[in-house]
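# Fold and geometry: a report
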Amino acid sequence: MSKYDTLNPQQKEAVFQCEGPMLILAGAGSGKTRVLTHRIAYMIETQGIKPWNILAITFTNKAAEEMRIRVDDLVGYGADQIWVSTFHSACVRILRRYINLIGYETTFTIYDGDDQKSVIKDVCKRLEIDTKSLKERTILGAISSAKDELISPEEFTRNAGSDFKMSKIAEAYVEYQKTLRKNNALDFDDLICKTVELFQRRPDVLEQYQERFRYIMVDEYQDTNTAQFELIHLLAGKYRNLCVVGDDDQSIYKFRGANIHNILDFEKYFKEAIVIKLEQNYRSTQNILDAANAVIRHNEERKEKALWTSKGAGEKLHFRQFDSAYEEAQFIAYDIKKKDRMGDATYGQCAVLYRTNAQSRLIEEQFVQENIPYNLVGGVNFYSRKEIKDILAYLKTLDNGRDDLAVKRIINVPKRGIGATTIAKVDNYALFEEISFYDALTAVDRIPGLGKSGAKLTAFVSEMENLKARAQVYSLRELFQQLLDITKYFDYLEETDEENAEDRIENIEELRNKLIAYEENAEEPTLSGFLEEVALVADIDSVEDGAEKVLLMTLHGAKGLEFEQVYLAGLEDGIFPSFMSMMEEDPTAIEEERRLAYVGITRAKEDLTITCARMRMLHGETQYNPVSRFVREIPEALIEGDEVPSQRRSTQSSYGSYGTYRETGSYRESGTYASKTYGGSSQSSLFLDDSMGNVRPTGGFGKSTTTTGVVKPKVTVKPKVTAAENKPFIAKGVGGLTKGSAFSTGSLEYAEGDRVSHIKFGAGTVRAIVKEPKDYKVTVEFDGAGTKIMYAAFAKLKKI
DNA sequence: CGTACTAGTCTTTTT
DNA sequence: GACTAGTACG
């Protein structure tokens, strides 16, 4: 009896084949981690492969940790010699050693999103880029995509050609990269592409790592971007022992540069590759799998596969549609509470998944009210809180004086009477002398025009130098305490932000705990080491296992996890799939959303409850959404609960609510199906048609539909709710739903032949205007985007 | 130089 | 609606 006997035939095939390239297409819940860990064990125990020749790469620290633990369990010895690491931390480790070969210092700092933002802001100011017409986030997005694709500033500039916007972005990219280098800093994307650059420029270094990592395994391969792909291929280039595991159906990070073709075309790059499909699912019931399969089948771009299980059909999926997002949240809280009370499930077995972080709030409120313990993943990252960033900026300043951003952040926090003008003067001097901001501070007497402020700067510097000196002799936790003492940071919090001071101090204590934990666990604890660890954590990494708490998180956050009881909330067209994806002409945008739906469904082991709301508030607007198309893609026979308007009806009827919806929906520019923006008089058929499901009596609106103790809110079918009935009712609203619904037909300010502008497509000429019962249909020939037909109410065209 | 108010933006997802 | 950055004023 060996540990390998429990594997199924496909898993065995994957485990026993250690040499050469291999693609494992591992469906959700098919035991891929098991395969990877067993494969590692097999290599070491029976193939005599040295542990230090093995590299296993994952995307999150949590996944890496989990794999490490399981490998430790399986392999008696030497497991600690295996590199089990995320892309980012593996690269940091390599760069800390060799980045000096490509012009950085090995003490580089890592910039997070906020840091990037301040840099780009500064860059825009210097280059006099008008951030109204070219947003910072647009520029950063472009830079990030460029790096994902390994496009250098120079190449980007060449590609930009004479295009005004692109060449502006190119300028910004050049300047941004210069600034980072000057600050001896790398952003997240740099970590990957600088490593690639290192390998490309220094074949000797590459070879050293090729020799070291003779056996490479990559998890979640479908999420790799071009830079990561290149990195892996360079490393595996010599021995070609590359085993990638992934599921094209779970590729959900396109926006982050993930290239689904990395997995779809693996066999093209490695012709000799062995391909193994793992289709037996050990996680979910047949009903859940059938639902998942039914949904994902609608995607064109995928490798055909179908999950199956030896488990029984199990419970049917549950579907509930509510009048408001408030009631939806209420139901979820009640339902989970009921399961707990009835002994059907514990809180720790439940998870609520949603598309956007904003949706968590209502659910959280209900959980608080019902005293349900929960854990929220995501949202405002712990490390991006003000007080945490301040303390970290201090630590960075002590660790690496070259990080200008960090120094500027804390030079006047707590207040030291050092203002913007003084900082600007020092900055100018630093720029002129080509030294760091902090170095300029140490040469105060040479900076002209400082006046009295000079003394304040000197005081700050000696404070820092004092601490730096102590850092040499004291432990990290002692240094932490002295930092707090010397800066009187807690006093500062209490003076400036009385209300939240307690929470903020608590957060700092939490940071202290992390630092202490690091100091105790690390082999050779250093300040740099701690800052690095902190820089590379994801939200999901800090989720405690075994806590009896309901988990609340986005669908993205849930990938790789599983729960007995899963609630998918907000399954509405416009929320999930998102407006953004519905507006894209490119059909792959919806396919990506569908994969996300597939990920969501397959998280459930026993029970899946899908909910949605007819009406919800989003950035201050009331919005009406029909049931998500993804729900309609699930066969009726698998679902119970409220009626799901069928897919067939929605696609075949030319006048049905979905037909209308889709037609107009695809032309929407931005915002919502808000009462505010929707023109026309047919809103009742658009939004509240009872064919979409059951419309509940308006009287129950906002009030508790769930009477005490009874968890199942009854749904009464009402023949039809007219807009007139519905309108005043929305205007009143409950729970913050106070915005009125000012429906307006909106007369057109333009005519045929006029020049108009559109937020997304830019300038164009109106070719035709056709009046339709509920709106004007406008044909516009755009200068840069071709001819589009759109509804006036949605297009928000401006005459120019 | 620091504070208080206003305007603008945001909300798709994140290592 | 909430948060943040920018501006005007003391």
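Each residue is numbered by its place in its chain's sequence as written, counting from 1. Written order determines the labels here, with chains lettered from A and ligands numbered from 1. Selection of residues for local features in this predicted model requires a pLDDT of at least 70, selection of side-chain atom pairs for listing and counting requires 80 or more, and totals for whole chains, interfaces and linings are taken over all residues. Neither water nor hydrogens contribute to the side-chain values; these are computed over all heavy atoms in the structure.

### Observations regarding the packing of helix α6 (residues 136–148) against helix α9 (residues 188–201)
Two measures define how a pair of helices packs: the angle their axes make with one another and the distance between the axes. In the contact formed by α6 and α9, the axes pass within 9 Å of each other and the chain directions differ by 25°. As far as their axial angle goes, α9 and α6 are roughly parallel. Relative to α9, α6 is oriented so that their crossing is left-handed. Mapping the contact onto sequence places Ser-144, Lys-147 and Asp-148 in α6 and Asp-189, Asp-190 and Cys-193 in α9. In this description, a line fitted to the C-alpha atoms serves as the axis of each element, helices being fitted only across the stretch in contact, and the angle between N-to-C directions of two axes falls anywhere from 0 to 180 degrees. Secondary structure elements are defined from DSSP: runs of H or I of at least 4 residues count as helices, runs of E of at least 2 residues count as strands, and each element is numbered from the N terminus. Roughly parallel here means an angle under 35 degrees, roughly antiparallel means over 145, roughly perpendicular means 65 to 115, and every remaining angle is called oblique. Take the far helix as your reference; a near helix turned counterclockwise from it by less than a right angle gives a left-handed crossing, and one turned clockwise gives a right-handed crossing. What makes two residues a contact is simply this: any of their non-hydrogen atoms within 4.5 Å.

### Structural notes on the side chain of Thr-109
Within the secondary structure, Thr-109 sits in strand β4 (residues 109–111). Setting aside anything within four residues of it in sequence, one finds Thr-109 in contact with Asn-183, Asn-184, Ala-185, Leu-186, Asn-400 and Asp-403.

### Section: the pattern of salt bridges
For this document, the term salt bridge refers to a Lys or Arg side-chain nitrogen within 4 Å of an Asp or Glu carboxyl oxygen. Across all of its chains, the model carries 57 salt bridges by this definition. Here Asp-190 makes a salt bridge to Lys-147, at a shortest N to O gap of 2.9 Å. A residue pair is termed long-range when its members are at least 10 positions apart, and Asp-190 in helix α9 and Lys-147 in helix α6 qualify at 43 residues. Look at Lys-147 and you get buried, because its relative accessible area is 2%. In this structure, Glu-272 and Arg-240 form a salt bridge, with 2.9 Å as the shortest nitrogen-oxygen distance. A residue pair is termed long-range when its members are at least 10 positions apart, and Glu-272 in the loop between α13 (266–269) and β8 (274–278) and Arg-240 in the loop between α11 (226–236) and β7 (242–246) qualify at 32 residues. Note on classification: 1.4 Å probe, protein chains only; a residue is buried when its accessible area is under 20% of the maximum for its type, exposed when over 50%, partly exposed between these limits.

### A short note on a negative patch on the surface
A cluster of acidic residues, Asp-72, Asp-73, Asp-80, Glu-523 and Glu-524, forms a negative patch on the protein surface. Structurally, Glu-523 is set in the loop between α24 (498–521) and α25 (527–535). For patch detection, residues must exceed 30% relative accessible area and be free of salt bridges, and they are connected within 9 Å for like charges or within 5 Å for nonpolar side chains (Val, Leu, Ile, Met, Phe, Trp, Tyr). Using the Shrake-Rupley algorithm and a 1.4 Å probe, accessible areas are obtained, with residue cover drawn only from the displayed protein chains. Neither His nor the chain ends is counted toward charge; the positive residues are Lys and Arg and the negative residues Asp and Glu. Lysine's charge is taken at NZ, arginine's at CZ, aspartate's at CG and glutamate's at CD.

### Observations concerning the sheet that holds strand β6 (residues 215–218)
The six strands lie next to each other as β3-β2-β6-β7-β1-β8, forming an open sheet whose pairing is parallel. Two strands lie at the open edges of the sheet, namely β3 (83–86) and β8, each paired on one side alone. Sheet twist, expressed as the average angle between the axes of neighbouring strands with direction ignored, equals 15°. Direction of pairing for strand β1 (residues 22–26) relative to β7: parallel, over a ladder of four bridges. What sits directly across from Leu-25, in β7, is Gly-246. Packing of α11 onto the sheet brings it into contact with β2 (54–58), β6 and β7, and relative to β6 it is tilted by some 160°. Pairing between two strands requires that DSSP report at least two bridges joining them.

### A few points about the packing of aromatic side chains
Each pair of aromatic rings taken from Phe, Tyr and Trp, with Trp reduced to its six-membered ring, is defined by centres within 6.5 Å and is described as stacked if the planes are under 30 degrees apart, edge-to-face if over 60, and tilted in the remaining cases. For the structure shown, the criterion picks out 18 aromatic pairs. Taken together, the aromatic side chains of Trp-83, Tyr-98, Phe-199, Tyr-209 and Phe-213 make up a single cluster linked through ring pairs. Directly above the ring of Phe-108 sits Arg-96, whose terminal nitrogen or CZ lies 4.0 Å from the centroid. The ring of Phe-437 has Lys-408 lying over it, and the distance from NZ or CZ to the ring centre is 5.3 Å. For a lysine, the NZ atom is tested; for an arginine, the CZ atom; a charge sits over a ring if that atom is within 6 Å of the ring centre and within 35 degrees of the ring normal.

### Quick look at the nonpolar core
In terms of nonpolar packing, the biggest core is built from 49 residues, with Ile-391, Leu-392, Leu-441 and Leu-511 touching the most fellow members. Setting aside residues no more than four positions away along its own chain, Ile-391 makes contact with Phe-480, Leu-483, Leu-484, Tyr-489, Ile-508 and Leu-511. As used in this record, nonpolar core signifies buried Ala, Val, Leu, Ile, Met, Phe, Trp, Tyr and Cys residues forming a set joined through side-chain atoms within 4.5 Å. Core analysis: the next-biggest nonpolar cluster, separate from the first, contains 47 residues, Leu-25, Val-92, Phe-266 and Leu-536 among them.

### Overview of the side chain of Ser-581
With respect to the helices and strands, the residue Ser-581 is situated in helix α27 (residues 579–583). In contact with Ser-581, not counting residues within four places along its chain, are Ala-589, Ile-590 and Glu-593.

### Here we look at the pairing of β3
Every second residue of β3 is oriented toward a common face, with Trp-83 and Ser-85 on one face and Val-84 and Thr-86 on the other, all of them buried. By the bridge criterion, four bridges tie β2 to β3 in an arrangement that is parallel. If you follow Thr-58 over to β3, its bridge partner there is Thr-86. Here, the term right-handed applies to a crossover whose path from the first strand over the helix to the second runs clockwise when the strands point away from the viewer. Taking the sense of rotation as the criterion, the β-α-β connection linking β2, helix α3 (residues 61–74) and β3 turns out right-handed.

### As for the protein's contact with DNA strand B
For this purpose, a residue is taken to be near a molecule or strand whenever a single non-hydrogen atom of the residue falls within 4 Å of it. Neighbouring residues of DNA strand B: 25 residues in total, closest Phe-59, Arg-137, Arg-355, Thr-421 and Thr-422. One of the side-chain N or O atoms of Asn-412 is found 3.4 Å from a phosphate oxygen in DNA strand B. In the environment of DNA strand B, a phosphate oxygen lies 3.0 Å from a nitrogen or oxygen atom belonging to the backbone of Gly-419. The dominant element in the surface near DNA strand B, judged by the number of residues it contributes, is helix α19 (residues 420–433), at three residues. In this classification, the charged set is Asp, Glu, Lys and Arg, the nonpolar set is Ala, Val, Leu, Ile, Met, Phe, Trp, Tyr, Cys and Pro, and all remaining amino acids, among them Gly, are polar. The class makeup of the residues in the surface near DNA strand B is seven nonpolar, twelve polar and six charged. For this analysis, a polar contact is any N or O atom pair within 3.5 Å, provided that within protein one partner can donate a hydrogen and the other can accept it, and provided that sequence-adjacent residues contribute only side-chain to side-chain pairs.

### Regarding the confidence of the model for chain A
Confidence scores labelled pLDDT are given residue by residue by the predictor and lie between 0 and 100. Residues at a pLDDT of 70 or more form 84% of chain A, whose mean pLDDT is 81. When the elements of chain A are averaged for pLDDT, helix α33 (residues 723–732) gives the smallest value, 26, and helix α10 (residues 203–212) the largest, 97. Note that pLDDT drops below 50 for residues 648–745; the model gives that stretch 210 contacts with residues more than four away or on any other chain.

### What about unusual backbone geometry?
Cis rather than trans, the peptide bond between Val-413 and Pro-414 has omega equal to -5°. Along the polypeptide, Pro-414 turns up in the loop between α18 (404–410) and α19. Residue Pro-577 is bonded to the preceding Phe-576 through a cis peptide linkage, with omega at 5°. By the secondary structure assignment, Pro-577 is in the loop between β13 (563–568) and α27. A positive phi angle is found at Leu-150, which is not glycine, with a value near 60°. Phi at Arg-240 takes a positive value of approximately 60°, unusual for a residue other than glycine.

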